[in-house]
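Listed below are the residues making up each chain.
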Amino acid sequence: NEYPTTGWRAGETLRTWLDLPLSPTTPAGSYDLVLTLRDGERVSGRQALGQVTVQGRVRQFAPPALAQPVEASFGQQVRLLGIDAPSELRLLPGATISFTLAWQVMARPPGPLVRFVHLLGADGKPVAQQDTTPCNGECPATSWLENEILSDPASLTLPTDLPPGEYRLITGWYDQATVVRLEAFDAEGKRLENDVAPLPVKVVVE
């Protein structure tokens, strides 16, 4: 919009970046990407640019069975339902922690979000973390549908020099563009400290 066609010069080359957001309900399949030039309502030119493949994913709306239910909400976008993991894990330094979080979409956010899981030491500082698009990158926030259930695998690799002791897991969300965390609340609606939800898993490093 900053450079109308009336200002173009013969022989000039223009580069334009375009974002074409897809609806989350777009059916899977191949679509033609076409450039159209219009003069008012009259189409004066069309150019095929290629094809775009939309990959569908299986959507779930029934809450799964979870080893440990946990309730917390983040902004007005997503709710934590629980974690599929034992209450205690005993590991050696360098080991990998793997578990699955279950989320329920409250409303589709306007932009991308990042889910994070941190393993905290006694001083409250992260010793391992995973910040990522949920579902191993397959369910970005812009693709969510209201009330959809997200089955979200997570994994953390412990440092090989991690001292023995007890560690705790936390999770939360932040806006990808601003890196500002979504406000977090517990089941009673009380604001959670640092906008993170504690996970009921004690990690013991031996």
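These remarks concern the structure in this document.

A word on the side chain of Gln130
Position of Gln130 relative to the elements: it lies in strand E8 (residues 126–132). When its relative accessible area of 18% is taken as the criterion, Gln130 is described as buried. Of the polar contacts made by the side chain of Gln130, one reaches the side chain of Arg115; its length is 2.9 Å. Other than its neighbours up to four places away in sequence, Gln130 contacts Arg115, Phe116, Val117, Pro153, Ala154, Ser155 and Leu156.

Re the pattern of salt bridges
Counted under the stated rule, the structure contains 11 salt bridges. The salt bridge partner of Glu148 is Arg57, with a shortest N-O separation of 2.6 Å. Taken together, the residues span a long stretch of sequence, with Glu148 in the loop between E8 and strand E9 (149–157) and Arg57 in the loop between strand E2 (42–54) and strand E3 (68–74) at a distance of 91 residues. Look at Glu148 and you get buried, because its relative accessible area is 0%. The partner of Arg115 in a salt bridge is Asp152, with the nearest N and O atoms 2.7 Å apart. Placement of Arg115 in strand E7 (residues 113–120) and of Asp152 in strand E9 is noted, with a sequence separation of 37 residues between them. Take Arg115 and Asp152: they sit in the same class, and that class is buried. If you follow the salt bridges from partner to partner, you end up with Glu88, Arg90, Glu166, Lys202 and Glu206 in one network.

Some remarks on the sheet that holds E8
With mixed pairing, the 5 strands of this open sheet are ordered in space as E5-E12-E10-E7-E8. This sheet does not close on itself; its edge strands, each paired only once, are strand E5 (88–91) and E8. The sheet shows a mean angle of 25° between the axes of neighbouring strands, direction not considered.

Remarks on the sheet that holds strand E4 (residues 78–84)
Pairing is antiparallel in the open sheet, where 5 strands are placed in the order E9-E6-E4-E3-E11. In this open sheet, the two strands that pair with only one neighbour each are E9 and strand E11 (184–186). Within the sheet, the average angular offset between the axes of one strand and its neighbour, ignoring direction, is 30°. In this structure, E3 lies alongside E4, joined through 5 bridges in antiparallel fashion. Across the sheet, the residue bridging to Phe74 is Val78, located in E4.

Notes on the packing of aromatic side chains
Taken as a whole and assessed by the stated rule, the structure comprises 4 aromatic pairs. Seen from their ring centres, Trp144 and Trp173 are 5.5 Å apart, and the 90° between their planes marks the pair as edge-to-face. One end of the pair, Trp144, is in the loop between E8 and E9; the other, Trp173, is in strand E10 (residues 165–175), with 29 residues separating them in the sequence. Classification of Trp173 by relative accessible area gives buried; the value is 0%. Through a chain of ring-to-ring contacts, three or more aromatic side chains come together here, namely Phe74, Trp103, Trp144 and Trp173.

Looking at the state of the cysteines
One pass over the structure, following the stated rule, counts 1 disulfide. Across the disulfide, Cys135 is cross-linked to Cys139 (sulfur-sulfur distance 1.9 Å). Sign of the S-S torsion, about 85° for the bond between Cys135 and Cys139, identifies this disulfide as right-handed. Residue Cys135 is classed as buried on the basis of its relative accessible area, which comes to 13%.

Regarding the pairing of strand E12 (residues 197–205)
Here 4 bridges tie E5 to E12, and the two strands are oriented parallel to one another. Residue pairing for E12: Leu91 is matched across the bridge by Val205. Bridge count between E10 and E12: 7 bridges; the pairing is antiparallel. Bridging across to E12, Arg168 finds its partner in Lys202.

Here is what the cut-offs are and how they apply
Residues numbered from 1 in each chain as written. Predicted model: local features only at pLDDT ≥ 70, side-chain atom pairs only at ≥ 80, totals over all residues. Heavy atoms only, no water. Helix = DSSP H or I, 4+ residues; strand = E, 2+ residues; numbered from the N terminus. Buried < 20%, exposed > 50% of the residue type's maximum accessible area, 1.4 Å probe, protein only. Polar contact = N/O pair within 3.5 Å; in protein donor to acceptor, adjacent residues only side chain to side chain. Contact = heavy atoms within 4.5 Å. Salt bridge = Lys/Arg side-chain N within 4 Å of Asp/Glu carboxyl O. Pairing = 2+ DSSP bridges. Axes fitted to C-alpha atoms, helices over the stretch in contact; angles between N-to-C directions. Phe/Tyr/Trp six-rings, centres within 6.5 Å; stacked < 30°, edge-to-face > 60°. Disulfide = S-S within 2.5 Å.

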